[in-house]
Amino acid sequence: APEGEEEEEEEGGMASLKPFEGAIHAPTGWRGGGAELAAAPAARELELEHVYGYSGYTGRGNAFTLSGGRIVFPVSSLAVSQETVRPAAGEAPIAAQRLVAGHTGEVTCVARHPNGHLFATGQRLAPGGG
């Protein structure tokens, strides 16, 4: 094999070249380790701030307008309540969302209560039946 490229014997007597082997170097200041770092818990949890998208393929009639100008719709395993009030001229846009988490599967249906203030969601059975 050319210099810097390693060969590895594969089944059937064929060798594969791995040109990347000689090109991979540890980051500057790296002190080794790795497995223990990967196994360590994160120092803090990530927090979902905003959701982009819409799961319209999961069913029909699954987006509603609530009284007060909010729209409710599903995105993956979340239900999103999105503010839709447009700001007055010169004011910052309002893009506030309320995220309803806790589903273990994909949210497939959203229903609005007749009072227009409440909604309910349902989900597809999660893998493994939970």
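Residues numbered from 1 in each chain as written. Predicted model: local features only at pLDDT ≥ 70, side-chain atom pairs only at ≥ 80, totals over all residues. Heavy atoms only, no water.

J.: Help me out: how do you make sense of the pairing of strand 8 (residues 119–123) in this one?
T.: A regular strand places its side chains on the two faces of the sheet in alternate fashion. With 5 bridges connecting them, strand 7 (residues 107–112) and strand 8 associate as antiparallel partners. Bridging across to strand 8, Val 107 finds its partner in Gln 123. Between the antiparallel neighbours strand 7 and strand 8 lie 6 residues, among them Gly 116 with a positive phi of about 80°. (Pairing = 2+ DSSP bridges. Helix = DSSP H or I, 4+ residues; strand = E, 2+ residues; numbered from the N terminus.)

J.: What should I look at first to understand the pattern of salt bridges in this one?
T.: Pairing between side chains of opposite charge can happen when the charged atoms of each approach one another. According to the stated counting rule, one finds 2 salt bridges in the structure shown. A salt bridge links Glu 106 to Arg 124; the nearest nitrogen and oxygen atoms lie 3.4 Å apart. Remark: Arg 124 occurs in the segment after strand 8 and Glu 106 occurs in the loop between strand 6 (97–100) and strand 7; sequence separation between them is 18 residues. (Salt bridge = Lys/Arg side-chain N within 4 Å of Asp/Glu carboxyl O.)

J.: In this structure, what is going on with the sheet that holds strand 3 (residues 64–66)? I would like to understand it.
T.: Across a sheet, strands are paired by hydrogen bonds formed along the backbone, either parallel or antiparallel in direction. With antiparallel pairing, the 4 strands of this open sheet are ordered in space as 3-4-5-6. Here the strands that pair on one side only, and so sit at the sheet edges, are strand 3 and strand 6. Shown here is a sheet whose adjacent strand axes are inclined to one another by a mean of 25°, direction ignored. For strand 5 (residues 78–83) and strand 6, the ladder comprises 4 bridges, and the chain directions are antiparallel. Bridge pairing links Ala 79 to Val 100 in strand 6. (Axes fitted to C-alpha atoms, helices over the stretch in contact; angles between N-to-C directions.)

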